[in-house]
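The lines below spell out each chain.
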Amino acid sequence: MARSAAVAACLEAVLGSRSNANRVFEILELLAGQEDEEDLLCAGRACSRLFGALLERRELLVGPLPAEEPSLAGDYSAEDKYKVWMRHRYKECVDCLAELMGHDAFQVKELSLCTLMKFVELEARYPLIKVEWKGSLTFPRDLLKVVVDGLLPLNEDASLLISRFQEYMEYDDIRYFVIKAVTESIGQVMQKTKERPLPFYQQNVFSLISPINMPNKESDMVKFLVKQDNWEELKVSKLQAHKQAFEKMWLSFLKHKLPAGLYKKVLVILHDSILPYMNEPTLMIDFLTLAYGIGGAISLLALNGLFILIHQHNLEYPDFYKKLYSLLDPSVYHVKYRARFFHLLDLFLSSSHLPAYLVAAFIKRLSRLALTAPPEALLMVIPFICNLFRRHPSCKVLVHRPNGPEDISEDPYIMEEEEPSKSRALESSLWEIQTLQSHYYPEVAKAAAILNQSLSEMEDDISGLLELSAYELFDKEVKKKVTDVPLEFEQVRGLFGKKNDIFAEHFSLD
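1. With respect to the overall build of the protein chain
Along the backbone of the protein chain there are 22 helices and zero strands. The C-alpha atoms of the protein chain give a radius of gyration of 35 Å, which is well past the 24 Å a tight globule of 510 residues would have. Seen through its C-alpha atoms, the protein chain measures out along the principal axes to roughly 120 × 70 × 40 Å. Scored against the burial criterion, the 510 residues of the protein chain give a buried share of 49%. Contacts in the protein chain between residues far apart in sequence, at least 24 positions, make up 71% of those at least 6 positions apart.

In C-alpha cells form, the structure reads like this:
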C-alpha cells in the first residue's frame, strides 16, 4: 500500500511540473526490477498513465530520435532537450514492457500487452513520426512489431496472451499491420533454423493468425483504430492490399516444415478461412501437394483444399486418382475425419465419365477394407458402394459373376497393387459384401442383403450416415421395444434337463 502511494505521488509530481522530471526514474527502476509482482503491476499502471498523458500533451519529441548525450549537450532549446530526454525515457519504458510480456505471471503479461497497445493507439492519434510528405503513413508500425514479437516467443506457449490480444484484431488497420509484422517475424526467425521446426513458435504464430476474420468486400472495412486525413489514398484502406498481405503471410508460414499436429490444424481451416481470401489460391498447390503426399489423416484433410483448386481453379493434378486410391487403408473407417473424407470421395467419384476399371478398383478396395470396419462405418459404406453401382452400371459384373472363382484364395483382385488399372478388380466379385450378409449386427446384414436385389435408379442419400457413431447405434438398440415372441419348447426339468431325470425325483432346485 505504501509503495502504491509513493508511486502515485511520484506520478503526480512528474506530470505536475517539469522540474520533477527526474523522478520518472523511480517508476522505471521499479518496472525494470522485475521482482515483486505487485510492484510491477503498480509501476506498469503508473507508466501507462504517465506516458499516455505525455503523448496526449505532445511532450515527446516528434521525428527521428537522436542520441541522448550529444543532443542534451548540443544547441537544442530547453523545450526540445526536455522532449528528447523524455522520449528516451519512453523508449526505456517500452523496452521494459516488451520484456515483461515474457514474465511468468499472466497478470504482468496482460498489463504489459494492454499498456503497449494503449501506446499504439495514442501514437497513431498523436504521431511520433514526422510527416515529410502528403501521403506518408504515421501509424506506429515499429511499436506494433514489438508487441507481435512479444506474442510469439520461441520456447513457450503464448496462446492465453494471444487470445487476450484478439480483441484488437477487430480493427482493420491493426489487423493489416499485424499481418505485415507476422510475415516479417516468420522471415527473421525461421531463416535461422535451417528448416528445423520450432513447435512453440509455429504454434504461437498459428494461434495468432488462424482466427483472423478477413473482410469480404471493401465496404465491410469500416472499423479503424485511427484514420489519417488522407486515409482513402493509403494501402491500409484497400481490400486488395489486405488480401495481398494475408496471402504473403500464409505462404511464408506454410513454406517451412510444420509439426504433424499443426499440419492437421492448418488443413482443417484451409478451405474456409484461407483460400477464399487469397488473390491467387493456386499458390497453395505446393503446400497441398506436400501435405497430400505425407499420408494418413494429413492426406485426407489435404483433399478438401485440392478439391477447391481442381473444381474452382482448374488445377491439373497428375495421378490424382492413383493417390486417392492409395489413401484407402483400414484407418479410413476409424479416423475422426471420416465424414469429410467420404463426402469428398463421393464428389470425386460422381463423374459418369470415369473408366469402369477405376471405379471397380475403388469398390473392391472399399469392400475388402469393410471386412474389418466397425458397424457404424459399414452402414455408411454399403449405401456408398450401391450408389457407385447406380452411377456406373458396367461395374455390376462384380455383383453377379456365376463363372467366377469358387474359393476366396483364387480371387484375382490384387489388394497390394498401387495402380488401380493393374489391380484386376473388374475380374473379381464382391464376396466381401456377401460375407457381410452374415454380420453379427442385424442392420449391417440387412443393408448388405440389398445387393441380392436389383437396385433402384434413385441414389441413396448418405449425408445422414457420414457421421454415424457407435454411441448412436448403441442408443438406438437400447431404446428398442422388445416384443415377446411365442415359442414351442419343452420346459427344462431337473438338473440335467432330461425327461426321466432321476435327480429330479430326489432333489429340488427351488
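Still to come is the rest of the account.
2. Things to note about the environment of Cys96
Within the secondary structure, Cys96 is located in helix H5 (residues 78-100). Along the primary structure Cys96 and Met278 are separated by 182 residues, whereas in three dimensions their C-alpha atoms are 38 Å apart. With sequence-adjacent residues up to four places away left out, Cys96 is seen in contact with Leu31 and Ala32.

3. Points about helix H14 (residues 296-312)
Given 3.6 residues per turn, any residue in an α-helix points the same way as the ones three and four places further on. The first and last C-alpha atoms of H14 sit 25 Å apart over 17 residues, in line with the 24 Å expected at 1.5 Å per residue. The largest bend along H14 measures about 30 degrees and falls at Asn304. In terms of burial, H14 is largely enclosed, as 13 of its 17 residues are buried. Asn314 sits one or two residues past H14 and shows a positive phi near 55 degrees.

4. Things to note about the state of the cysteines
Counted according to the given criterion, the structure contains zero disulfides. Between Cys10, a free cysteine, and Cys47, which holds the nearest cysteine sulfur, the sulfur-to-sulfur gap is 9.7 Å. Relative accessible area serves as the criterion here: at 1%, Cys10 is assigned to the buried category.

5. Considerations on the environment of Ala124
Looking at where Ala124 falls in the secondary structure, it is placed in helix H6 (residues 106-125). Setting aside its immediate chain neighbours within four residues, Ala124 contacts Phe139, Pro140 and Val226.

6. Comments concerning the packing of helix H13 (residues 285-292) against H14
Two elements in contact, H13 and H14, have axes separated by 8 Å at closest approach and are oriented at 145 degrees. Between H13 and H14 the crossing geometry is left-handed. Taking contact as the criterion, the partners of Ile285, Leu288, Ala291 and Tyr292 in H13 are, on H14, Ile298, Ser299, Ala302, Leu303, Gly305, Leu306 and Leu309. Across the contact of H13 with H14, the residue classes break down as nine nonpolar, two polar and no charged.

7. Notes on unusual backbone geometry
Residues other than glycine seldom take positive phi values, yet Arg58 does so here, at roughly 60 degrees. Its location among the elements puts Arg58 in the loop between helix H3 (37-56) and helix H4 (68-73). Within the chain, Arg424 stands out as a residue other than glycine whose phi angle is a positive 60 degrees. If you trace the backbone, Arg424 turns up in the loop between helix H18 (375-391) and helix H19 (431-436).

8. Some words on the packing of aromatic side chains
Pairs of aromatic rings are described using the distance from one ring centre to the other and the angle between the two planes. Under the definition given, this model contains 19 aromatic pairs. Here Tyr176 and Phe177 contribute two aromatic rings whose centre-to-centre distance is 5.1 Å and whose plane-to-plane angle is 75 degrees, an arrangement assigned as edge-to-face. This pair shows no difference in class: Tyr176 is buried, exactly as Phe177 is. A centroid spacing of 5.4 Å and a plane angle of 80 degrees characterise the contact between Phe307 and Phe348, whose relative ring orientation is edge-to-face. Taken as a pair, Phe307 in helix H14 and Phe348 in helix H16 (residues 338-348) lie far apart in primary sequence, 41 residues in all. For Phe348, a relative accessible area of 3% corresponds to the buried category. Grouped by ring-pair contacts, the aromatic residues Phe206, Phe246, Trp250, Phe253 and Tyr277 constitute a single cluster. Positioned above the aromatic ring of Tyr292, the side-chain terminus of Lys323 is 5.8 Å from the ring centre. Seen from the ring of Tyr325, Arg365 lies directly overhead, with NZ or CZ sitting 4.1 Å from the centre.

Definitions and limits used
- Residues numbered from 1 in each chain as written.
- Predicted model: local features only at pLDDT ≥ 70, side-chain atom pairs only at ≥ 80, totals over all residues.
- Heavy atoms only, no water.
- Helix = DSSP H or I, 4+ residues; strand = E, 2+ residues; numbered from the N terminus.
- Rg over C-alpha atoms; globule rule 2.2 N^0.38 Å.
- Buried < 20%, exposed > 50% of the residue type's maximum accessible area, 1.4 Å probe, protein only.
- Contact = heavy atoms within 4.5 Å.
- Expected span 1.5 Å × (residues − 1).
- Bend = angle between axes of the 7 residues up to and from the residue.
- Disulfide = S-S within 2.5 Å.
- Axes fitted to C-alpha atoms, helices over the stretch in contact; angles between N-to-C directions.
- Left-handed = near helix turned anticlockwise from the far one by under 90°.
- Nonpolar A, V, L, I, M, F, W, Y, C, P; charged D, E, K, R; others polar.
- Phe/Tyr/Trp six-rings, centres within 6.5 Å; stacked < 30°, edge-to-face > 60°.
- Lys NZ or Arg CZ within 6 Å of the ring centre and 35° of its normal.

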